[in-house]
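The residues making up each chain are set out below.
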Amino acid sequence: MRMADHNDLLKSLRQITQAIDLYSKHLLKETGLTSPQLLVLQALSVPGRRKPSEIARSVNLSQGTITSIVDRLARAGLVARERNDDDKRVIEVVVTDAGRARLEDAPAPLQHDFLERFGALADWEKSLLVSSVQRLAGMMQADGLDAAPILEIGELSPDDPKRQA
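Thresholds applied
Residues numbered from 1 in each chain as written. Predicted model: local features only at pLDDT ≥ 70, side-chain atom pairs only at ≥ 80, totals over all residues. Heavy atoms only, no water. Salt bridge = Lys/Arg side-chain N within 4 Å of Asp/Glu carboxyl O. Helix = DSSP H or I, 4+ residues; strand = E, 2+ residues; numbered from the N terminus. Buried < 20%, exposed > 50% of the residue type's maximum accessible area, 1.4 Å probe, protein only. Core = buried A, V, L, I, M, F, W, Y, C linked by side-chain atoms within 4.5 Å.

### Let's talk about the pattern of salt bridges
Charged atoms that come close allow side chains of opposite charge to pair.
Alright, step 1. Overall, the coordinates contain four salt bridges when judged by the stated rule.
Alright, step 2. Linking Lys-25 and Asp-21 is a salt bridge whose minimum nitrogen-to-oxygen distance equals 3.1 Å. Here Lys-25 pairs with Asp-21, and both are found in helix H1 (residues 6–31), just four residues apart, close to one helical turn.
Alright, step 3. Look at Lys-25 and you get exposed, because its relative accessible area is 52%.
Alright, step 4. In this structure, Arg-81 and Asp-71 form a salt bridge, with 2.5 Å as the shortest nitrogen-oxygen distance.

Here it is as structure tokens:
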């Protein structure tokens with residue numbers, strides 16, 4: 001058996017990137033949503049209203065990123081911002097009927113299948129994979145980037161010229 005080299009690693013990284021990109025395009029085509037937007041809608045689908053800071057904590061994204069995602073979802077009519085009944089200074093986010101309908105038709109995010117497979121691994125395999133990928137992130141000088149445990153990011157509609165959450 002031959003020794004793995006840097007070309008094997010780079011090929012695998014490209015394959016992962018391509019898989020994420022392909023699924024992101026599939027999700028966008030099927031739902032008009034990116035994975036972060038879908039995760040935010042799912043986080044909001046519980047009964048009641050949620051503050052942006054609560055949403056940020058639940059999906060492991062920064063509050064600034066949540067604000068951007070909520071802005072896009074609100075422009076698309078999938079969520080609405082409402083003032084808190086008790087404290088009018090507090091803004092909360094709720095899913096609209098259109099947002100609930102979009103959720104019903106949405107496929108599972110890419111990480112859903114990944115997490116099922118990852119969960120089936122032995123503890124030592126999980127630790128090895130996590131430490132190896134963290135090391136790769138450091139080698140690529142990506143370990144300091146603000147990232148959430150989601151596998152894709154992109155625009156809300158295909159016409160949007162910006163590739164943002």
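### Notes on unusual backbone geometry
Alright, step 1. Despite not being glycine, Asn-60 has its phi angle at roughly 60 degrees, a positive value.
Alright, step 2. Here Asn-60 shows up in the loop between helix H3 (52–59) and helix H4 (63–75).
Alright, step 3. Its relative accessible area of 46% is what places Asn-60 among the partly exposed residues.

### Quick notes on the nonpolar core
Alright, step 1. In terms of nonpolar packing, the biggest core is built from 23 residues, with Val-40, Leu-41, Val-59, Ile-66 and Leu-73 touching the most fellow members.
Alright, step 2. Looking at this core, the elements with two or more residues in it are H1, helix H2 (35–44), H3, H4 and strand S2 (91–95).
Alright, step 3. Residue contributions to this core peak at six residues, all from H2.

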